[in-house]
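Given next are the chains, with one letter for each unit.
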Amino acid sequence: MEFHTIIEPFRIKSVESVKFTRREDRVTALRAAGYNVFRLHAEDVLIDLLTDSGTGAMSAAQWSAIMQADESYAGSRSFYRFESVVKDLTGFAHVIPTHQGRAAERILFHTVLKPGQVVPNNNHFDTTRANIEVEAAEALDLVIHQGTVPHVIHPFKGDIDLAALERLLDDRGDLVPLVMVTVTNNSGGGQPVSLENLRGVRRLCDRHRKPFFLDACRFAENAWFIKLREPGQAGRTPKAIAQEMFSLADGCTMSAKKDGLANIGGFLAMNDPAWAEAARNLLILTEGFPTYGGLAGYDLEAVARGLEEVVEEDYLRYRIRSTEYLGEKLIAADVPIIRPPGGHAIYLDARALLPHVPPLAYPGIALANQLYVEAGIRGVEIGTVMFGMRPDGTERPGPMDLVRLAIPRRVYTQSHIDYVAEAVIAVASARAGLRGYRIVSAPKTLRHFTAMFEPMA
Ligand code: F0G
């Protein structure tokens, strides 16, 4: 007998209550939050799909590793365990722990970037872009065209446009200190990058003598998509595929809050000894000694164990299938989303859903806010508020206007997701009543986190 239901590959040992609120309470809470869901008290959220970052449930094995941790300032046993797991997975010679992904980005870019330089990527995520722009350098998105059109189906919509990358390296190669590729491509819908594409990047980088770095936050989800979709890969383990992905690069930045299955942590890893030394010196200045990098010994243990669990096939099969399950329900109800469904999230196409709300009236904010008011669900705008502000202070529509529903790892069950689908479909069917927003106040960089809005009449 063969069964097709894919079940959670765990049972639940410890639970956390969620708080049910009334619609009128949520209207009040959202107004008090300046109509920005980042400013809500999380307690007032029923199902929190703001991010999959640091919000996962750890395993009993991770919690027990935490109790075994060594908190020595220098040379802790927990660091060596962490380092050996990262080296086994990535093969990189130098492993530098950081408190999260953006610390790895800041240290890398501050050490190697000069003003006026250009860093290409499929799509930079918000903190990556900001950490490049703060060095007065340019963050250039070169994802393939299919990756910019939500409804177009393609197995590897996260691939970088190799022809465009080659043109950049030919024309302005002297300004490019390194090439990056983000796996999976978060700003582009959690879409995977193929091994073939990574090999193409490697060839171009070899020809132009450029280092190649992965933004590896969701490397395991990317490896699973390669196993499912890339010819010849079905028989390999996700870990072997991930090892090959890393072997094609010279280094990576990593937020262990995603595929490290931990609540905090990250690392910068690379082969170049001179860059690594410069990075360690900056690490000591701002994060901590190189054997803890701003983390407790117990965090290093949680990440080490998490990196082992995240490549387990049963976990990845369940993980990618449960995101797809939500996507299928929305597609069946004609709700426009980025297709095919991504690995860690479903991205609602707010621009398509709300054609009467122009990009500069922030359709993503309108949709995210309505989901909260009607159903207590918190998603996040990935659109004109997040990506519409240029370094020169002028505003333009972002590449897309999306609302991302990110699924925390091992946290919500199928009935939670059924509720989310029902709520999104109901809000989408009442789309005509949704209005745009205007910004009342916002900081210059990374404005989406703290901006305040008001609804348009
Ligand atoms: N790169 C990517 C692709 C990311 O998605 C993130 C974080 C980072 C880098 C930075 O890592 O948060 O540990 O400093 N993304 C989260 C999100 C915040 O919600 O997608 P961090």
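So, here's what we can say about the structure. The structure presented is a predicted model; accordingly, all values stated were derived computationally and were not measured. (Residues numbered from 1 in each chain as written. Predicted model: local features only at pLDDT ≥ 70, side-chain atom pairs only at ≥ 80, totals over all residues. Heavy atoms only, no water.)

1. Details of the environment of Glu 308
Locating Glu 308 in the fold gives a position in helix H11 (residues 297–309). Separated by 219 residues in the primary sequence, Glu 308 and Leu 89 place their C-alpha atoms 8.9 Å from one another. Not counting the four nearest positions on each side in its chain, Glu 308 is found in contact with Arg 81 and Val 85. (Helix = DSSP H or I, 4+ residues; strand = E, 2+ residues; numbered from the N terminus. Contact = heavy atoms within 4.5 Å.)

2. Thoughts on a nonpolar patch on the surface
On the surface, Tyr 73, Ile 284 and Phe 289 cluster together into a nonpolar patch covering about 310 Å² of accessible area. Mapping Tyr 73 onto the fold places it in the loop between helix H2 (60–67) and helix H3 (77–90). Exposure remark for Tyr 73: the relative accessible area of 54% places this residue in the exposed category. (Patch = residues over 30% accessible without salt bridge, like charges linked within 9 Å, V, L, I, M, F, W, Y side chains within 5 Å. Areas by Shrake-Rupley, 256 points an atom, 1.4 Å probe, with all protein chains shown as cover. Salt bridge = Lys/Arg side-chain N within 4 Å of Asp/Glu carboxyl O. Buried < 20%, exposed > 50% of the residue type's maximum accessible area, 1.4 Å probe, protein only.)

3. Comments concerning the pairing of strand S12 (residues 402–406)
Of all five residues in S12, five are buried, a share of seventy percent or more. Across five bridges, the pairing between strand S9 (residues 345–349) and S12 is antiparallel. The partner of Ala 345 across the bridge, within S12, is Ala 406. Looking at chain direction, strand S11 (residues 380–382) and S12 are connected through three bridges and run antiparallel. Note on S12: the bridge partner recorded for Ile 382 is Leu 402. (Pairing = 2+ DSSP bridges.)

4. Some details on the site of the ligand
Neighbouring the ligand are 18 residues, the closest being Thr 51, Arg 102, Ser 255, Lys 258 and Arg 404. For the ligand, an oxygen atom lies 2.8 Å from a polar atom in the backbone of Gly 101. In this structure, an oxygen atom belonging to the ligand sits 2.7 Å away from a side-chain N or O atom of Arg 102. Protein chains bury 95% of the 470 Å² of accessible surface belonging to the ligand in isolation. Contributions of two or more residues to the shell around the ligand are made by helix H4 (101–112) and helix H5 (126–133). Sorting elements by how many residues they give to the shell around the ligand places H4 first, with three residues. Here the shell around the ligand is composed, by residue class, of two nonpolar, nine polar and seven charged. (Near = heavy atom within 4 Å. Polar contact = N/O pair within 3.5 Å; in protein donor to acceptor, adjacent residues only side chain to side chain. Nonpolar A, V, L, I, M, F, W, Y, C, P; charged D, E, K, R; others polar.)

5. Examining the packing of aromatic side chains
Geometry of an aromatic ring pair is reported as the spacing of the ring centres plus the angle between the planes. Counted by the stated rule, this structure contains 14 aromatic pairs. Geometrically, the ring pair formed by Tyr 73 and Phe 289 is tilted, given 5.8 Å between the ring centres and 40° between the ring planes. Of this pair, Tyr 73 sits in the loop between H2 and H3 while Phe 289 sits in the loop between helix H10 (273–286) and H11; the two residues are 216 residues apart in sequence, bridging distant segments of the chain. Their ring planes at 80° and their centres at 5.9 Å tell us that Phe 82 and Phe 267 sit as a pair that is edge-to-face. Note that Phe 82 is positioned in helix H3 and Phe 267 in strand S8 (residues 266–270), a separation of 185 residues in sequence. Assessed through its relative accessible area of 1%, Phe 267 is described here as buried. Three or more aromatic residues joined by ring pairs make a cluster, and in this case those are Tyr 35, Tyr 362, Tyr 437 and Phe 453. (Phe/Tyr/Trp six-rings, centres within 6.5 Å; stacked < 30°, edge-to-face > 60°.)

6. A few points about the sheet that holds strand S5 (residues 179–182)
Pairing in this open sheet of five strands is mixed, and the strands run S2-S8-S7-S6-S5 from one edge to the other. At either margin of the open sheet sits one strand with a lone partner, and together these are strand S2 (94–98) and S5. Taken over all neighbouring pairs, the strand axes of this sheet differ in orientation by 15° on average, direction set aside. One ladder, built from three bridges, connects strand S6 (residues 212–215) with strand S7 (residues 251–255); its direction is parallel. If you follow Asp 215 over to S7, its bridge partner there is Thr 253. (Axes fitted to C-alpha atoms, helices over the stretch in contact; angles between N-to-C directions.)

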